[in-house]
Amino acid sequence: MEKIKSFTIDHTTHEIGFYKSNLSNGIYTYDLRFKKPNNGNYLSNAAMHTIEHIFATVIRNSSIKDKVVYFGPMGCRTGFYLLLLGIDAEQARSITIKCMEKCLEFTDIPGSDISECGNYLEHSLEDALCEIKTYLLKLKGE
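None of these values were measured; they are calculated from a predicted model.

Parameters at a glance
- Residues numbered from 1 in each chain as written.
- Predicted model: local features only at pLDDT ≥ 70, side-chain atom pairs only at ≥ 80, totals over all residues.
- Heavy atoms only, no water.
- Helix = DSSP H or I, 4+ residues; strand = E, 2+ residues; numbered from the N terminus.
- Rg over C-alpha atoms; globule rule 2.2 N^0.38 Å.
- Lys, Arg positive; Asp, Glu negative; His and termini not counted.
- Charge placed at Lys NZ, Arg CZ, Asp CG, Glu CD.
- Axes fitted to C-alpha atoms, helices over the stretch in contact; angles between N-to-C directions.
- Parallel < 35°, antiparallel > 145°, perpendicular 65-115°, else oblique.
- Left-handed = near helix turned anticlockwise from the far one by under 90°.
- Contact = heavy atoms within 4.5 Å.
- Nonpolar A, V, L, I, M, F, W, Y, C, P; charged D, E, K, R; others polar.
- Buried < 20%, exposed > 50% of the residue type's maximum accessible area, 1.4 Å probe, protein only.

A. Structural view of the overall build of the protein. The number of helices and strands found in the protein is three helices and four strands. The linear arrangement of helices and strands in the protein, starting from the amino end, is β-β-α-β-β-α-α. Taking 142 residues into account, the globule formula puts the C-alpha radius of gyration at 14 Å, and the protein, at 15 Å, falls close to it. Along the first, second and third principal axes, the C-alpha atoms of the protein reach 40 × 35 × 35 Å. Here the protein contributes 16 positive and 18 negative side-chain charges, whose respective centroids are spaced 6 Å apart.

Right, dumping it as structure tokens:
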């Protein structure tokens with residue numbers, strides 16, 4: 001089998017940041033890399049789960065809501081994949097920053113009660129907001 005695109009990235013040199021990792025059929029895949037790979041510091045499951053809920057809510061209510069194909073966590077717990085239809089890297093990065101800033105306004109977690117979430121007990125808004133703040137500092141400093 002062919003090696004998939006995300007396995008061709010050298011994870012020994014990959015840093016925290018925002019990366020376009022693929023373009024296929026007009027769908028851009030962006031890596032929102034919160035943590036340096038293989039560095040021993042990973043997103044906790046609770047923070048990652050909560051970021052997924054709040055960022056997905058914000059971006060799916062944003063000006064590009066009809067262009068959002070998918071947002072979800074990387075299995076390695078170093079970040080997230082954002083798939084957008086026809087949104088180039090500059091615009092995607094800009095909207096990601098705006099959406100992350102909007103996430104910092106949350107005081108509760110959307111979709112987190114037992115009837116809405118398959119793992120409703122594993123959330124941490126405090127940890128999620130801390131991770132988002134750290135990521136934003138990195139993105140704005142790049």
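Past the structure itself, the notes keep going.
B. Focus on the packing of helix 1 (residues 45-59) against helix 2 (residues 89-103). Taken N-terminus to C-terminus, the directions of helix 1 and helix 2 make an angle of 120°; their axes are 9 Å apart at the nearest point. Considering the angle they form, helix 1 stands oblique to helix 2. The element helix 1 and its partner helix 2 pack so that their crossing is right-handed. Facing Ile 54, Phe 55, Val 58 and Ile 59 of helix 1, the residues of helix 2 in contact are Thr 96, Cys 99, Met 100, Lys 102 and Cys 103. Tallied by class, the residues present in the contact of helix 1 with helix 2 amount to seven nonpolar, one polar and one charged.

C. Layout of the environment of Leu 84. As for its position among the elements, Leu 84 is in strand 4 (residues 79-85). On the basis of relative accessible area, Leu 84 is assigned to the buried category, the value being 0%. Considering only alpha carbons, one finds Leu 84 and Ser 62, 22 residues apart in sequence, at a separation of 13 Å. Residues in contact with Leu 84, not counting those within four places in the same chain, are Gly 26, Ile 27, Tyr 28, Tyr 30, Ile 64, Lys 67, Val 68, Val 69 and Ala 92.

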